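# Geometric and topological summary
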Amino acid sequence: MKDFIFSYPVRIYFGDGALDKAQSEFDQIQDKVLLVYGEGSIKRNGLYDKVTSLLKEKGKEVVEFSGVMPNPTYQKVLEGASLAKKEKVGFVLAVGGGSVIDCAKVIAASACYEEDLWQLQFERGLRSDRSLPVGAILTIAGTGSEMNDIGVITNENAMIKRGMKTRAPLFAVLDPSYTLTIPKRQLFAAAFDTLSHALEAYLGQSNKDNVSDDIALAIARNTVNNIEHLLEDFFDMDARRNLMWDSAMAENGLTKIGKELDFTSHKIEHQLAVFTDCNHGEGLALILPAYYAYIKEEAKVKLERIAKLVFDKDGAEEGLKALKELVEKMGLPSSFEELASKVKIDEALLNKVAASVTIVKTGPCLLDHEDILKILKNCL
Ligand code: NZQ
Ligand code: ZN
């Protein structure tokens, strides 16, 4: 166990009618609120009306910022930050999934700086911990963004997708009934994201009998069990409730304490998304099994443990088989042909993707760009 500092800033309101239970939060926030949301799902399912009524009831002035796209761009962040500054908002409320919450968190931080936040963080390497306060109303579980301080953003000029350091929300509303309108493929893609967070954390470097590893494996196991329940009954509310909490648990930092993380599959998927605009969970469903197959010798012991404790199988090979079968049952892509992409995926494109992945030794072995290209080509 390595040294660490840990603190927990987010108040969680979980369950049916959680927004009602979170009402007191809205009494305490500033009067001018930037309401950040996506491309319309909250208008279609009635949540927009519910939230705006509540804000009015509480006497808040609402400035709307909509149209946050999946894989949010830095350009979108800059537009939101400029609006937040112009309108002098005092609070940012995100209503949506990981893309909306990430974008809102980075807007909230950017609004507190005159300088460009991307340059500040990645080009000048400076600390930037100022932010407007943020609240999150989650509509799809998977990323865990509602409970952490990362905003994953695509810088379309630099052609890089990266986690920007932000401040975690003050509070988050997790009502599993909001997930009922999510299309099946999207919901399973997001659940696979949760599973990959738990597995990627586990695959990182840790000493034996590390409690963070045991928590990660328990989350992975619970995620798989509840995915199986949803495969039997897509409207199983208990499974949806469990998956929503699994998602928050997998990315709230608990699995990362005192160890080095892996997240190689995430690094590759993020760059794949820059070039193809693919869905995050779908990209992971393709890359994670291909990556594990590639490193199966170096990661033998941990893959065997995943096989046993997550899939109830003996041996790394059988565990990998179970992982691939799960992807198939969930209707997620097993090859690039099945991945929704804005451009044709061929070897030339994969070369560009591989070359753009930042190399860091975080997992069981140090991969170079050639290895990454091979992993990607194995998905063709
Ligand atoms: O935009 P709207 O209209 O809201 O539609 C969204 C979007 O099309 C729709 N949706 C969300 N809730 C819905 C719904 N449709 C019907 N009913 C609902 N209740 O689902 C689509 C996908 O939404 P999105 O927010 O993009 O999904 P997700 O939560 O999977 O977020 C993915 C983003 O989060 C980043 C990913 O890279 C990606 O950009 N991540 C953030 C992380 C973090 N902050 O810690 C970690 C993750 O590893 C990940 O990188
Ligand atoms: Zn993820």
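In this text the structure is predicted, and so the values were computed from the model without any measurement.

### Looking at unusual backbone geometry
Look at Met159: it is not a glycine, yet its phi comes out positive at around 55 degrees. Its place among the elements puts Met159 in the loop between strand E6 (150-155) and strand E7 (160-165). Unlike most non-glycine residues, Asp277 shows phi in positive territory, near 60 degrees. Looking at the secondary structure, you find Asp277 in the loop between helix H11 (264-276) and helix H12 (280-294).

### So, the packing of helix H8 (residues 184-203) against helix H10 (residues 237-250)
When two helices pack together, their arrangement is given by the angle between the helix axes and the distance between those axes. Running from amino to carboxyl end, H8 crosses H10 at an angle of 40 degrees, the nearest separation of the two axes being 9 Å. One way to sum up the angle between H8 and H10 is to call them oblique. Considering only the axes of H8 and H10, their crossing is left-handed. Side by side, H8 and H10 meet where Ala191, Thr194, His197 and Ala198 of the first sit next to Leu243, Asp246, Ser247 and Ala250 of the second. Of the residues contributing to the contact of H8 with H10, the split by class is four nonpolar, three polar and one charged.

### Digging into the environment of Lys85
Looking at the element boundaries, Lys85 is found in helix H5 (residues 74-87). The exposure class assigned to Lys85 is partly exposed, which follows from the 15 C-beta atoms found within 10 Å. With 22 residues separating them in the primary sequence, Lys85 and Ile107 have C-alpha atoms 9.8 Å apart.

### Considerations on the sheet that holds strand E1 (residues 11-14)
Pairing is parallel across the open sheet formed by six strands, whose spatial order is E1-E8-E5-E4-E2-E3. Each end of this open sheet is capped by a strand with a single partner; those strands are E1 and strand E3 (61-65). The average angle at which neighbouring strand axes cross in this sheet is 20 degrees, direction not considered. Two strands pair when backbone bridges link them, and strand E2 (residues 32-37) and strand E4 (residues 91-96) are joined in this way by five bridges, in the parallel orientation. Following the sheet pairing, Val36 is matched in E4 by Ala94.

### Concerning the domain arrangement of the protein chain
Examined at the domain level, the protein chain breaks down into domain 1 (11-177) and domain 2 (184-377). One C-alpha centre belongs to domain 1, the other to domain 2, and the line joining them spans 26 Å. On the domain 2 side, the residues contacting the 17 residues of domain 1 number 25 residues. Class assignment of the residues belonging to the side of domain 1 that touches domain 2 gives a composition of nine nonpolar, six polar and two charged.

Reading guide: rules and limits
- Residue numbers run consecutively from 1 along every chain, following the written order of its sequence.
- Numbering of ligands from 1 and lettering of chains from A proceed in the order in which they are written.
- A pLDDT threshold of at least 70 governs which residues receive local features in this predicted model, and a stricter bar of 80 or more applies before side-chain atom pairs are shown or counted, although totals over entire chains, interfaces and linings include all residues.
- Strands are runs of DSSP state E lasting at least 2 residues, helices are runs of H or I lasting at least 4, and numbering of each runs from the N terminus.
- For helices, the axis comes from a line fit to the C-alpha atoms of the stretch in contact; other axes are also lines fit to C-alpha atoms, and the angle between any two N-to-C directions lies between 0 and 180 degrees.
- Each angle gets one of four labels, with under 35 degrees taken as roughly parallel, over 145 as roughly antiparallel, 65 to 115 as roughly perpendicular, and the rest as oblique.
- By the definition used in this description, the sense in which the near helix is turned from the far one sets the handedness, with an anticlockwise turn below a right angle giving left-handed and a clockwise turn giving right-handed.
- Remark: residues whose backbone-derived C-beta atoms lie within 7 Å of one another are considered to be in contact.
- Amino acid classes used here: Ala, Val, Leu, Ile, Met, Phe, Trp, Tyr, Cys and Pro are nonpolar; Asp, Glu, Lys and Arg are charged; the rest, including Gly, are polar.
- Residues with at least 20 neighbouring C-beta atoms inside 10 Å of their own are called buried, those with 12 or fewer are called exposed, and the rest are partly exposed, where every C-beta is derived from the backbone.
- Note on pairing: DSSP must find at least two bridges between two strands before they are called paired.
- Note that domain bounds follow an automatic or database assignment of domains.

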